[in-house]
Structures are given as structure tokens and as C-alpha cells.
Amino acid sequence: MTGNRSAAVRDTAQLVSTGRLPDGRRIDALLAEAHGLFAGETSGIVADYIPALAAADPTWSALSVAEANGARHSVGDALVEFSIQSISKAFVFALVCQQIGHRRAAELVGVNNTGLPFNSVTAIELNDGHPMNPMVNAGALATTALMPGATPGAKWNAVQDGLSAFAGRRLELDIAVYESEAATNLRNKSIARLLESYGRLAFDPLQTTDVYTKQCSLNVTTEDLAVMGATLADGGVNPVTGVRVVDAEVCQHVLAAMAASGLYERSGEWLYDIGLPGKSGVSGGILTIAPGKGGLATFSPPLDPAGNSVRGVLATTWLSRTLGLNLFASADVHRTETP
Ligand code: GLU
């Protein structure tokens, strides 16, 4: 490699993302427009396999953006708290990558899509007991088991403290949702036991499932989620508090895992249409990250058959285009740049 070429490669390695978000007033206007456009959409079903989730109001609808410089924008029911559910998986994976390194985390948990539902037992059997990726329940349980701490209480504290650092405020447990899921999560307990039988779970299966159930029951608003996403977009520094939560290299790999598997069996379609890493949860939240730019969070409880919020997917698809976020979209810079 010539000196010039290696200098060019070094320089390119500094470029983490291109472009900017529009100015704040334009973001506010686009969020308001997206909220109005999709508020009348009534398809989808509120999750009830965790009984407490069925109490959600199907008309709730909120959108928030947190910019990588810390500025925040919200419309709709942005003060409504809801349990974070599966969106927690991305952040616990980030904390584990920070502890044991992203390579070891990928070896132990995996980063490939299963193409099967999030709580599939078949996926574990088809893959020789490997949990496959951190965004499905098997991989999330394997990830939670890897959290630091020798006792369930210590692991839970590390999860709660870590997710709170991403959000920039203390996140609290929704006791009703936790108790409701803890009373009905036989399938997750079975998944943890199956992983144990393959020697793929680093901690006690029932205690791991309990910590995982608590992590899913932490309450957030869309603004919290947007700030959590902006922290991943900002190289691991929470742009509101200024606190470094994880290293930039961790963010890069977590975002890649989200892009591969964050939207259940619709992950490929999501990437094809929206072109961004994202993670959804069964309580109706979706978090999308534009690296270097910020986080976009949506909340609306009615879900499509794969478990993704119907209004959330519609609004994010529209905003990805109008805010100019799609990572795969490019303009012809030679023709559009002013000399
Ligand atoms: N706590 C939920 C479960 O394990 C999370 C599912 C989700 O949001 O996808 O079933």
C-alpha cells in the first residue's frame, strides 16, 4: 500500500456517517406531519400474551427524535411510559460487548438472523443449540446471563444502571408488567433451560429469565428511547448527560446486529425500505438509529403479525425518507455540491 493510499484509508476511517439532520424547526414540522398522517391508521392488535400489556390504549401514538447533539423533539403521547420490552435487548448486548468485547460476544451469542419468530425454540434446535443473535429471546437470555455480577441482584443492578445511563435518567421497573410476565413466561424459562442443556447459558436459567423479565419491564417514554438511541448514534456518549456509556466500537457492532435482526422476521423488509438499524418491542415501541445523527423513537401499541407497531413502521418509513436518514441512499455529490 502506498503512503497516499494508507493515508486515505486512515482518513476514511474517521468518517462515521455522512450528512446532517435538518434544522430543529424542520424536524418538529416533520414529526407533527408524520403524527397526523398515521394517527388514523387503526390496523394491528395490541399484544396480550403478557396479560398486563393488553391494558394499553390502542390510540396512543408518540414520536420523538433526539439529535446526536442532545436536542430533543417530540409529538403526541410522549409522556406516556411503557415497558421497554425487546428494545432492551440491544442495550444489554451493548453492555455485554463493553464487558467482554464485541468479538467474544458475537461468538457466544451470535449475530445472524434466524428467520423465525423471536421466541422460537425450533431456531435453537436447528442451530445446534446456538442462541443465534441478541435480538431474539434465546440470544437475549444468553446475553443477560453474561452481564457482570455473581448474583441475580448484582446482574439486575448492572442492567438497570446501564440502561439508565443510556437514557440519562433513572429507569424504574413497571411492577405490574413484571409480575404479569413473570407469571406467564413459561416459554422463556424453557428457552433458558434448553440453552443450558446445550451448555450455552453462562448463568442459572431461572434466575437469568427473571433478570431478563425485569429488564423488559423497565418503563420508558419515546423521549427516553430516542436519547438511548442517540447515545448509540453518538459513539457511545449520552449527548444529554455527556457521560460515556460504551465505546464507539461497541456502538458500531450493536447497530450492525440491530440492522440484521432488530425487526423480528421483517428485518430484511425493514432494511430494504428504511435502511437503518432499529429494534422493536411488543409493547409498541420502535427505536431507529441514524449513526452520527440521532435516534428516532415511535410508540403505538397495535402490532402487525410479526410484532412490530403498525403506526411505528409507517411513521418511521416516512420519516426515514423525509429526514434523509436511509444509510443506503446517496446523491450524486459531484452534481449536487456547489463549487
Ligand atoms: N418480554 C418479552 C418476551 O420475552 C419481549 C418480547 C418482545 O418485545 O419482542 O416475550
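Above: the structure in question.
Note that the structure is a prediction, hence the values are computed from the model and not measured. Residues take numbers from 1 onward in each chain, read along the sequence in its written order. Residues qualify for local features only when their pLDDT is at least 70, as the model is predicted, and side-chain atom pairs are given and counted only at 80 or more; totals for whole chains, interfaces and linings, by contrast, use all residues. To obtain the side-chain values, all non-hydrogen atoms of the structure were included, while hydrogens and water were left out.

As a further point, take the packing of aromatic side chains. In summary, the pairing rule links any two rings of Phe, Tyr or Trp, Trp by its six-membered ring, whose centres are within 6.5 Å, and it sorts them by plane angle into stacked for under 30 degrees, edge-to-face for over 60 and tilted for everything else. This model, assessed by the stated rule, comprises five aromatic pairs. Relative to F166, the ring of F91 lies with its centre 4.8 Å away and its plane at 65 degrees, an arrangement referred to as edge-to-face. A residue pair is termed long-range when its members are at least 10 positions apart, and F91 in helix α3 (residues 87-100) and F166 in helix α7 (residues 152-167) qualify at 75 residues. When accessible area is computed with a 1.4 Å probe and restricted to protein chains, residues below 20% of their type maximum are described as buried, those above 50% as exposed, and intermediate ones as partly exposed. Judged by its relative accessible area of 0%, F166 is buried. For the pair F118 and Y264, a centre-to-centre distance of 5.4 Å together with 55 degrees between the ring planes defines the contact as tilted. Separated by 146 residues along the polypeptide, F118 in the loop between α4 (102-109) and α5 (122-126) and Y264 in the loop between α12 (248-261) and α13 (267-273) bring together distant segments of the chain. Each member of the pair, F118 as well as Y264, carries the same accessibility label: buried. An aromatic cluster is present here, built from Y49, F118 and Y264 joined pairwise through their rings. Only Lys NZ and Arg CZ are tested; either one counts as a charge over a ring when it is within 6 Å of the ring centre and within 35 degrees of the ring normal. Directly above the aromatic system of F203 lies the positively charged group of K155, at a separation of 4.5 Å from the ring centroid. Each helix is a run of DSSP H or I of at least 4 residues and each strand a run of E of at least 2, with the numbering of both proceeding from the N terminus.

In this section: helix α14 (residues 310-322). Between its first and last C-alpha, α14 extends 19 Å over 13 residues, near the 18 Å set by a 1.5 Å rise per residue. Among the residues making up α14, those that are buried are V310, R311, G312, A315, T316, W318, L319 and S320. Throughout, a contact is declared for two residues whenever any of their heavy atoms are within 4.5 Å. In this structure, the buried residues of α14 make contact with α2 (24-38), β1 (62-67), α13, β6 (285-290) and β7 (294-299). Given a helix with a known number of residues, its expected span is that number minus one, times 1.5 Å.

Turning our attention to the environment of G236. With respect to the element layout, G236 can be found in the loop between α11 (222-233) and α12. Among all residues touching G236, those that are not within four sequence positions of it are T231, V243, R244, V245, V246 and C251.

Let us now look at the sheet that holds β1. Paired strands, as defined in this entry, are two strands with at least two bridges between them according to DSSP. Strands sit in the order β2-β1-β7-β6-β5 across an open sheet of five strands; the sheet is antiparallel. The open sheet terminates on both sides in strands that have one partner only, identified here as β2 (72-76) and β5 (278-280). Recorded for the sheet is a direction-independent mean angle of 10 degrees between the axes of neighbouring strands. Looking at chain direction, β6 and β7 are connected through six bridges and run antiparallel. Bridged to G285 within β7 is F299. A fitted line through C-alpha atoms serves as each axis, taken over the contacting stretch for helices, and the angle formed by two N-to-C directions is quoted from 0 to 180°. The strands touched by α2 are β1, β2 and β7; relative to β2, the strand with the most contacts, the crossing angle is about 20 degrees. Here α14 sits on the sheet and contacts β1, β6 and β7; the angle it forms with β7, its principal contact strand, is near 150 degrees.

Moving on, we come to the nonpolar core. Residues F91, L163, F166, L225, M228 and L232 are the most contacted members of the largest nonpolar core, which totals 48 residues. In terms of residue count, α3 provides more of this core than any other element does, nine residues in total. If sequence neighbours within four positions are ignored, L225 has contacts with F82, I84, I87, V220, L287 and A297. Listed in part, the 21 residues of the second largest apolar core include I27, V65, W270 and I286. Among buried residues, the Ala, Val, Leu, Ile, Met, Phe, Trp, Tyr and Cys ones that are joined through side-chain atoms within 4.5 Å form a nonpolar core.

On to the environment of H35. Structurally, the position occupied by H35 is in helix α2. By relative accessible area, H35 is classed as partly exposed at 23%. Placed 28 residues apart in sequence, H35 and L63 show a C-alpha to C-alpha distance of 7.2 Å. Setting aside anything within four residues of it in sequence, one finds H35 in contact with S61, L63, V75 and G76.

On to the pairing of β7, then. A regular strand places its side chains so that they alternate between the two faces of the sheet. The buried fraction of β7 amounts to six of the six residues, a majority that puts the element mostly inside the structure. Covered by surrounding structure in β7 are G294, L296 and T298 together with G295, A297 and F299, the residues of both alternating faces. In the sheet, β1 pairs with β7 via six bridges, with the strands oriented antiparallel. Paired with A66 across the strands is G295, a residue of β7. The hairpin turn running from β6 into β7, its antiparallel successor, is three residues long, and G292 in that turn takes a positive phi close to 85 degrees.

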